[in-house]
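Understanding the architecture of this molecule
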Amino acid sequence: MSRPEAMDRVVNLAKRRGLIFPSSEIYGGFRSTWDYGPLGVLLKRNVKEAWWRSMVQLRDDVVGLDAAILMAPKVWEASGHIATFTDPLVDCRSCQERFRADQLPASGACPKCGAKDSFTEARQFNLMFKTFVGPVEDDASVAYLRPETAQGIFVNFPAVQTTSRRKPPFGIAQIGKAFRNEITPGNFTFRTREFEQMELEFFVPPDEGNKWFEYWCAERLSWYTDLGIPENHLQLRRHAAEELSHYSAGTADVEYDYPWGWGELEGIANRTDFDLTQHAKFSGEDLTYFDPATDERYIPHVIEPSAGADRATLAFLLDAYSEEEVRGEQRVVLRLDPRLAPIKVAVLPLSKDERLSPVAHEVSDALRQGFMIDYDETRAIGRRYRRQDEVGTPYCVTIDFDTLDDRAVTVRERDSMNQDRVSLDKLVPYLSERLPR
Ligand code: ATP
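In what follows, the accompanying structure is described. None of these values were measured; they are calculated from a predicted model.

Attention shifts here to the environment of Ser23. As for its placement among the helices and strands, Ser23 is situated in the loop between strand E1 (20-22) and strand E2 (34-36). We classify Ser23 as buried; its relative accessible area is 11%. As for Ser23 and Tyr36, which are separated by 13 residues in sequence, their C-alpha atoms are 8.9 Å apart. Other than its neighbours up to four places away in sequence, Ser23 contacts Gly29, Phe30, Thr33, Trp34 and Asp35. Among the polar contacts made by the side chain of Ser23, one reaches the side chain of Ser24 at a distance of 3.1 Å.

Rendered as structure tokens:
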């Protein structure tokens, strides 16, 4: 199966099994917006949870934050978004389609209608969504949907630093929605106008910027490989000097080998003291840090690993998808890391027989305390295994008639399809051992 085929099959599976489907579909959809269904919401939550666990829970130098999406408009003046958060937009005079000038093919032909040299002059288009706060729609009530979560962290730097009593190097992590009025959304959930970011702003003494930039590049790459993305599908692309933003002392993208080519999963930047300096200037507040140990006052430098939850979820799905033949039949398996799998354990009574039902419910009640489970008693057992395989459920627990006598169940593992007979009183520890957090 080629990579583009894998993409089609993942999109198809996502729709068929309630992972991800087009938004507002009963109204014909709404321009590249997607909804995460019952299994998709679990998968994406697990991706975010894995990020939070590695960035906040397992570290003593990072704290969390959940800032508002709507912020004072001055924030976006200070950050530079109002003036410069733009993409160059061109129209094709022949078919009227719009494109990003920096993404046009070298041939100069319109990607839609093929017309040659048909583009208008590029004009800068601001990607921020504008709205109005309160009942009056005038200039004074304009507000923006945040195009990144980072600014919520910068403006809260002094409040978080003092209340959590941290000193640099320390970080503030946040997961939340961001909005960009992208000119050309597409490639499924890769580029959408509403998406979720997982961002860390790591504040360090000025002379430690480079060291921490390298640290976070290595750390973030290994997060993806640890969760199952093979090394050959990942690369760290360091930006050349002429590609760097004026404030950046170093930027690298973690790129993934998507079916259409290498694309950004995450950007890691050494932002120097740019953000805090700008906010100090525009707000008039003192955003320096005073280090009593050295008697020095400084504006911390910031290292920012900024990842997209939707792009990561798509990458995990693409790499997990596999098809194989088992005893002459095709089997689709999502080989997701168990930590990411939407359902951890499926409870499957062999049949709907009323003698099996009480013990099957007893098992599911015990398991659901610790794991996300699915209970399924319809259709042949083989078909039910296949249904669980294609959404990546690591373990299936089958209750059969022997269970009534021996108080034991059959546990089947997704990848090897090996089966173990496990006594009911050992079932929770058996699964806990095999389903790491
Ligand atoms: P691109 O060059 O692909 O437009 P970017 O460099 O503008 O991305 P950043 O501003 O660095 O992206 O945002 C950090 C992360 O947020 C990206 O690596 C990506 O995972 C995610 N992200 C950004 N824009 C989108 C989008 N339109 N849809 C989905 N995720 C996005």
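Okay, back to it.
A surface patch of nonpolar side chains, amounting to about 230 Å² of accessible area, comprises Leu350, Phe401 and Leu404. Within the secondary structure layout, Leu404 lies in helix H12 (residues 401-406).

Following Pro168, the chain continues into Pro169 via a peptide bond in cis, with omega recorded as 0°. Topologically, Pro169 is positioned in the loop between helix H6 (157-164) and strand E9 (170-179). Phi is positive for Arg165, close to 50°, though the residue is something other than glycine. Within the secondary structure layout, Arg165 lies in the loop between H6 and E9. We classify Arg165 as exposed; its relative accessible area is 76%.

By the burial criterion, the buried members of helix H11 (residues 381-389) are Arg384, Tyr385, Gln388 and Asp389. Viewed along the axis of H11, the buried residues span an arc of 140°, placing them on a single side of the element.

A separate point is the packing of aromatic side chains. A full pass over the atoms with the stated rule returns 20 aromatic pairs. Seen from their ring centres, Tyr258 and Trp260 are 4.7 Å apart, and the 15° between their planes marks the pair as stacked. Since its relative accessible area comes to 1%, Tyr258 is described here as buried. Site record: aromatic cluster; members linked through ring pairs are Phe154, Phe157, Phe170 and Phe203. Lying over the aromatic face of Tyr385, Arg412 brings its terminal NZ or CZ to 4.3 Å of the ring centre. Its guanidinium or amino end placed over the ring of Tyr430, Arg434 lies 3.6 Å from that ring's centre, counting from NZ or CZ.

Looking now at the pairing of strand E23 (residues 419-423). Strand direction decides the pairing type here: strand E22 (residues 408-413) and E23, joined by five bridges, are antiparallel. Paired with Val411 across the two strands is Asp420, which belongs to E23.

Structurally, the position occupied by Arg414 is in the loop between E22 and E23. Residue class for Arg414 comes out buried when judged on its relative accessible area of 3%. A polar contact is formed between the side chain of Arg414 and the backbone oxygen of Leu334, at a distance of 3.2 Å. One polar contact links the side chain of Arg414 to the main-chain carbonyl oxygen of Leu336, over a distance of 2.7 Å. Residues within four places of Arg414 in sequence aside, it is in contact with Arg331, Val333, Leu334, Arg335, Leu336, Asp389, Gly392, Thr393 and Pro394.

Here we come to the site of the ligand. Close to the ligand lie 15 residues, the nearest being Glu182, Arg191, Thr192, Glu264 and Leu265. Thr192 places a polar main-chain atom, nitrogen or oxygen, 2.8 Å from a nitrogen atom of the ligand. Arg311 is positioned such that a nitrogen or oxygen atom in its side chain is 3.1 Å from an oxygen atom of the ligand. Contact with the protein chains removes 81% of the 600 Å² of surface that the ligand exposes when unbound.

Applying the stated criterion across every chain yields a total of 40 salt bridges. Among the salt bridges present, the one from Asp389 reaches Arg331, with a minimum N-O distance of 2.8 Å. Residue Asp389 is located in helix H11, and its partner Arg331 is located in strand E18 (residues 329-334); the two are separated by 58 residues in the primary sequence. Judged by its relative accessible area of 0%, Asp389 falls in the buried class. Owing to a relative accessible area of 0%, Arg331 belongs among the buried residues under this scheme. For Arg368, the salt bridge goes to Asp365, with nearest N and O atoms at 3.8 Å. Highlighted residues: Arg368 and Asp365, both in helix H10 (residues 357-368), separated by three residues, approximately one helical turn. The partly exposed category is assigned to Asp365, whose relative accessible area is 44%. A single salt-bridge network, built from bridges that share partners, covers Glu324, Arg331, Arg335, Arg386, Asp389, Arg412, Arg414 and Asp415.

The subject of this paragraph is the sheet that holds strand E6 (residues 123-126). Pairing in this open sheet of three strands is antiparallel, and the strands run E5-E4-E6 from one edge to the other. Taken across any chain shown, the strands that pair with only one partner, and hence form the sheet edges, are strand E5 (98-100) and E6. Looking at each pair of strands side by side, their axes are set apart by 45° on average, direction ignored. Pairing of strand E4 (residues 86-91) with E6 involves four bridges; the strand directions are antiparallel. In the strand pairing of E6, Asp87 is matched with Phe125.

Attention shifts here to the packing of helix H2 (residues 38-57) against helix H9 (residues 309-320). Closest axis-to-axis distance for the H2/H9 pair is 10 Å, and the angle between their directions is 110°. By the angle class used here, H2 and H9 are roughly perpendicular. Of H9, the residues touching H2 (which contributes Leu43, Lys44, Val47 and Lys48) are Ala309, Asp310, Ala312, Thr313, Phe316 and Leu317. Classifying every residue of the contact of H2 with H9 by side-chain character gives six nonpolar, one polar and three charged.

Parameters and conventions
Residues numbered from 1 in each chain as written. Predicted model: local features only at pLDDT ≥ 70, side-chain atom pairs only at ≥ 80, totals over all residues. Heavy atoms only, no water. Helix = DSSP H or I, 4+ residues; strand = E, 2+ residues; numbered from the N terminus. Buried < 20%, exposed > 50% of the residue type's maximum accessible area, 1.4 Å probe, protein only. Contact = heavy atoms within 4.5 Å. Polar contact = N/O pair within 3.5 Å; in protein donor to acceptor, adjacent residues only side chain to side chain. Patch = residues over 30% accessible without salt bridge, like charges linked within 9 Å, V, L, I, M, F, W, Y side chains within 5 Å. Areas by Shrake-Rupley, 256 points an atom, 1.4 Å probe, with all protein chains shown as cover. Salt bridge = Lys/Arg side-chain N within 4 Å of Asp/Glu carboxyl O. Arc of directions from axis to C-beta. Phe/Tyr/Trp six-rings, centres within 6.5 Å; stacked < 30°, edge-to-face > 60°. Lys NZ or Arg CZ within 6 Å of the ring centre and 35° of its normal. Pairing = 2+ DSSP bridges. Near = heavy atom within 4 Å. Axes fitted to C-alpha atoms, helices over the stretch in contact; angles between N-to-C directions. Parallel < 35°, antiparallel > 145°, perpendicular 65-115°, else oblique. Nonpolar A, V, L, I, M, F, W, Y, C, P; charged D, E, K, R; others polar.

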